[in-house]
Amino acid sequence: MRIGFGYDSHRLEEDRPCILGGVLIPGVPGPSGFSDGDAVAHAVIDALLGAAALGDIGSHFPPGDERWRDADSMDLLRRAVARVRRAGHRVGNVDITVVCESPKIAPVADAIRESLGQRLGIDPGSVSVKGKSNEGMGWEGRREGIAVYAVALLLAP
Ligand code: MG
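Presented here is an overview of the structure given in this document. Model, not experiment: these values are computed from the prediction.

So, how was this worked out
Residues numbered from 1 in each chain as written. Predicted model: local features only at pLDDT ≥ 70, side-chain atom pairs only at ≥ 80, totals over all residues. Heavy atoms only, no water. Donors = N, O, S within 2.8 Å, 3.2 Å for Na, K, Ca; no water. Phe/Tyr/Trp six-rings, centres within 6.5 Å; stacked < 30°, edge-to-face > 60°. Helix = DSSP H or I, 4+ residues; strand = E, 2+ residues; numbered from the N terminus. Buried < 20%, exposed > 50% of the residue type's maximum accessible area, 1.4 Å probe, protein only. Disulfide = S-S within 2.5 Å. Expected span 1.5 Å × (residues − 1). Axes fitted to C-alpha atoms, helices over the stretch in contact; angles between N-to-C directions. Parallel < 35°, antiparallel > 145°, perpendicular 65-115°, else oblique. Contact = heavy atoms within 4.5 Å. Nonpolar A, V, L, I, M, F, W, Y, C, P; charged D, E, K, R; others polar.

The magnesium ion binds to the protein through D8 (OD), H10 (NE2) and H42 (ND1); the donor distances cover 2.1 to 2.2 Å. Here the donor residues of the magnesium ion are spaced in sequence according to D-x1-H-x31-H.

Before going further, it helps to spend a moment on the packing of aromatic side chains. In total, this model carries three aromatic pairs according to the counting rule given. Both rings, one in Y7 and one in Y149, keep their centres 5.0 Å apart while their planes meet at 55°; by these two values the pair is tilted. Separated by 142 residues along the polypeptide, Y7 in strand 1 (residues 2-13) and Y149 in strand 7 (residues 145-155) bring together distant segments of the chain. Classification of Y149 as partly exposed rests on a relative accessible area of 33%. Arranged with centres 5.1 Å apart and planes meeting at 85°, the rings of F61 and W68 form a pair that is edge-to-face. Across this residue pair, the class does not change: F61 and W68 are buried. Among the aromatic side chains, those forming a connected cluster through ring pairs are F5, Y7 and Y149.

With the rule as written, the count across this model stands at zero disulfides. Here C18 stays free of any disulfide, with the sulfur of C100 as its closest cysteine sulfur at 7.7 Å. Judged by relative accessible area, C18 falls into the buried class, the value being 1%.

Here helix 4 (residues 109-120) spans 16 Å end to end across 12 residues, near enough to the 16 Å set by a 1.5 Å rise per residue. For helix 4, the complete set of buried residues consists of A109, I112, S115, L116, G117 and L120. Downstream of helix 4 by a residue or two, G121 has a phi angle that is positive, lying close to 70°.

With that settled, consider the packing of helix 3 (residues 73-86) against helix 4. As a packed pair, helix 3 and helix 4 sit with axes 9 Å apart at the nearest point and diverge in direction by 40°. Between helix 3 and helix 4, the crossing angle belongs to the class labelled oblique. When helix 3 is examined against helix 4, the residues M74, D75, L77, R78, V81 and R85 are found in contact with a partner set consisting of S115, L116, R119 and L120. Classifying every residue of the contact of helix 3 with helix 4 by side-chain character gives five nonpolar, one polar and four charged.

Take a look at the structure:
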């Protein structure tokens, strides 16, 4: 067994679609970024790559590389999972904490679990998504951005 940890943060902007874990959340500011800004997908990618000691998202999909402009981050996740599998691992489970005032995560948590489970090739029962407000404190509390923390367990195939 191997464990990995991932973190990501993005600014929230009015004119950006809000896509988290591949799920479009309508009517709220979304994460900015070179890709689609899906901070949940990015944190999970880093947790998986970290568990396999395969570097990080920036080393596999460099921002500024035109191939990844406006990239669908769930496609990046699919590629990351393939690399982790080629290195001789399979995904066990992931646990994710999203810190933001907006959007509210609880109403979309099950949809994100389903979406991530599909890309990871695991049951939604092995994908946990938890939302936390920051009680109004700091940049998350001021709705300036979103922070995501993720851990992933890799198992022998
Ligand atoms: Mg990111």
